[in-house]
Amino acid sequence: MKFYLISDNVDTIVGMRLAGISGTLVHEECEVKTALSKAVEMKDVAVILITEKLVKLCESLVYELKLKCRGPLIVEIPDRHGEGRTKDSITRYVRDAIGLKI
């Protein structure tokens, strides 16, 4: 099982390739959706890494895949310009996943 990266930043792609992680470079919402669909279908991919900026382009699709797909695991990562997580991002994810407000 391996990792797969979907990024909007060439530097992130290069850095991950140095670590042995392959991936794709995309910029538009339709490209992100296509790349995610292909990555989810890859049988040898266990973890999909996707940059924050791309998650914001198609947030509903990413969260739907996180909640409904049995695998692979989708992990949002900051790139070198990343803003970091908002203080309520985990709380929001739990609320969306199980419908419980914390």
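It should be emphasised that the depicted structure is a prediction, and the values quoted were computed from it without experimental measurement.

Novice: Talk me through the environment of threonine 51; I want residue IDs and the actual numbers.
Specialist: Tracing the backbone through its elements, the reader meets threonine 51 in strand S3 (residues 45-51). For the pair threonine 51 and threonine 12, spaced 39 residues apart in the sequence, the C-alpha separation amounts to 8.8 Å.

Novice: Outline the confidence of the model for the protein chain, supporting the account with residue identities and numerical values.
Specialist: Chain-level pLDDT for the protein chain is 85 on average; 82% of the residues reach the 70-or-more range. Per-element confidence in the protein chain is highest for strand S2 (residues 22-25), whose mean pLDDT is 95, and lowest for helix H5 (residues 89-98), whose mean pLDDT is 68.

Novice: Give a detailed account of a nonpolar patch on the surface, specifying residues and quantitative values.
Specialist: Together, Val10, Val14, Leu18 and Leu25 make up an exposed nonpolar region whose accessible area comes to about 390 Å². Among the elements that take part in the nonpolar patch, helix H1 (residues 10-18) stands out by supplying three residues, more than any other. Topologically, valine 10 is positioned in helix H1. We classify valine 10 as partly exposed; its relative accessible area is 49%.

Novice: Outline the packing of helix H2 (residues 29-41) against helix H4 (residues 59-68), listing residues and values.
Specialist: Their axes nearest at 11 Å, the elements H2 and H4 cross at an angle of 15°. As summarised for this structure, H2 and H4 are arranged roughly parallel, according to the angle between their axes. H2 and H4 meet at a crossing whose hand is right-handed. Across the interface between the two elements, Lys33, Leu36 and Val40 from H2 touch Leu61, Val62 and Leu65 from H4. Tallied by class, the residues present in the contact of H2 with H4 amount to five nonpolar, no polar and one charged.

Reading the values: rules and limits
Residues numbered from 1 in each chain as written. Predicted model: local features only at pLDDT ≥ 70, side-chain atom pairs only at ≥ 80, totals over all residues. Heavy atoms only, no water. Helix = DSSP H or I, 4+ residues; strand = E, 2+ residues; numbered from the N terminus. pLDDT = per-residue confidence, 0-100. Patch = residues over 30% accessible without salt bridge, like charges linked within 9 Å, V, L, I, M, F, W, Y side chains within 5 Å. Areas by Shrake-Rupley, 256 points an atom, 1.4 Å probe, with all protein chains shown as cover. Salt bridge = Lys/Arg side-chain N within 4 Å of Asp/Glu carboxyl O. Buried < 20%, exposed > 50% of the residue type's maximum accessible area, 1.4 Å probe, protein only. Axes fitted to C-alpha atoms, helices over the stretch in contact; angles between N-to-C directions. Parallel < 35°, antiparallel > 145°, perpendicular 65-115°, else oblique. Left-handed = near helix turned anticlockwise from the far one by under 90°. Contact = heavy atoms within 4.5 Å. Nonpolar A, V, L, I, M, F, W, Y, C, P; charged D, E, K, R; others polar.

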